[in-house]
Amino acid sequence: QVYLTESGGGSVEAGGSLRLSCTASGDSGGKCVAWFHRAPGKEREGVATIYTYGGTTAYADHVKGRFTVSRDNAKNTVYLQMNDLKPEDTGMYFCAAAFSYCPVVFSQSLFTYWGQGTQVTVSS
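What counts, and where the lines are drawn
Residues numbered from 1 in each chain as written. Predicted model: local features only at pLDDT ≥ 70, side-chain atom pairs only at ≥ 80, totals over all residues. Heavy atoms only, no water. Pairing = 2+ DSSP bridges. Helix = DSSP H or I, 4+ residues; strand = E, 2+ residues; numbered from the N terminus. Axes fitted to C-alpha atoms, helices over the stretch in contact; angles between N-to-C directions. 1 Å grid on protein atoms, 1.4 Å probe; cavity = no way out; pocket = protein on both sides within 12 Å on 5 of 7 lines; lining within 4 Å. Points joined across faces, edges and corners; volume = space filled by probe spheres on them. Nonpolar A, V, L, I, M, F, W, Y, C, P; charged D, E, K, R; others polar.

**Q** Sorry if this is basic, but what is going on with the sheet that holds strand 1 (residues 3–7) here?
**A** Paired through backbone hydrogen bonds, the strands of a sheet run either parallel or antiparallel to each other. Ordered in space as 1-3-8-7, the four strands form an open sheet in which the pairing is antiparallel. The open sheet has two edge strands with one neighbour each: strand 1 and strand 7 (67–72). Geometrically, the sheet is characterised by an average inter-axis angle of 15° between neighbouring strands, direction not taken into account. As paired elements, strand 7 and strand 8 (residues 77–82) share six bridges and run antiparallel to each other. In the sheet register, aspartate 72 faces strand 8, and the bridge partner there is threonine 77.

**Q** Sorry, what's going on with the layout of surface pockets here?
**A** Using a probe with the size of a water molecule, rolled over the atoms, empty space left in the structure can be pinpointed. In this structure, the largest pocket spans a volume of roughly 160 Å³. Every residue lining the largest pocket is counted, 15 residues in all, and those nearest its centre are Lys31, Thr52, Asn73, Asn76 and Thr77. Elements that contribute at least two residues to the lining of the largest pocket include exactly strand 3 (18–25) and strand 8. No other element matches strand 3, which puts three residues into the lining of the largest pocket. Here the residues of the lining of the largest pocket sort into six nonpolar, seven polar and two charged.

Structure below.
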C-alpha cells in the first residue's frame, strides 16, 4: 500500500498563489504523479502530471502558464505551484500515483493510489 497526503490548500483572492504538496510513503521507484481537480458540481479533471525520475511534465490547457508541477525525490514529494488563480480553479485537488510512465491523456483509471484531497477556494 502507498499512501498519498496532500496539503497546502486554502482560501485566496483571484490573482493569488498557492503551492500544493503531495507526499508519498512507500515505494520510491519511478512513478507518474498527477494532480486532479474537482470543481463544485463537476467531474474530476486532470491538471498536470510529472514523471518522478525524468521530470517530464504535462499540463491541461487551461492551466498552462499559470501552474507548475515539480518534484523533490529526496522528500518523496510532488508540488503544484498555482499562480494567477481564478475563481474557476476553486475545488478539491487530489494527487494520484501510478508505477508507470505518465499517460498521454488524463486517464483516471491508470492511477492506483489517491490522496484524500485538499480544498482550494479562490474568491473574486
